[in-house]
Amino acid sequence: MEIPTSFFVGIIIALAVLLGLTYFINGGNRFNSTLIFVYGFAIGMLTLYIKIRLMGL
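Quick summary incoming for the structure in this document.

Rules behind the numbers
Residues numbered from 1 in each chain as written. Predicted model: local features only at pLDDT ≥ 70, side-chain atom pairs only at ≥ 80, totals over all residues. Heavy atoms only, no water. Phe/Tyr/Trp six-rings, centres within 6.5 Å; stacked < 30°, edge-to-face > 60°. Buried < 20%, exposed > 50% of the residue type's maximum accessible area, 1.4 Å probe, protein only. Helix = DSSP H or I, 4+ residues; strand = E, 2+ residues; numbered from the N terminus.

1. Considering the packing of aromatic side chains
Moving on, step 1. In the structure shown here, the tally under the stated rule is four aromatic pairs.
Moving on, step 2. Taking the centre distance of 5.4 Å and the plane angle of 75 degrees together, the rings of Tyr23 and Phe31 count as edge-to-face.
Moving on, step 3. By relative accessible area, which is 22% here, Phe31 ends up partly exposed.
Moving on, step 4. With 6.1 Å between their ring centres and 40 degrees between their planes, Phe37 and Phe41 make a pair best called tilted. In this pair, Phe37 and Phe41 are both assigned in helix 2 (residues 31-55), four residues apart and thus about one turn of the helix distant.
Moving on, step 5. For Phe41, a relative accessible area of 32% gives the class partly exposed.
Moving on, step 6. These aromatic residues form a ring-pair network of at least three members: Tyr23, Phe24 and Phe31.

Below you can see the structure in the form of structure tokens.
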């Protein structure tokens, strides 16, 4: 299985846009909770990728 680079780049861009919009629209009020969501999402995607690589799929 090759690395789905375009998928990861798309996710990174979408999460960066989400963080930017949250910061500029809400004035940073909900930025910390959104940042925690983005960290959790990124860690979840990384662990899923590692799990798939270890299974040999």
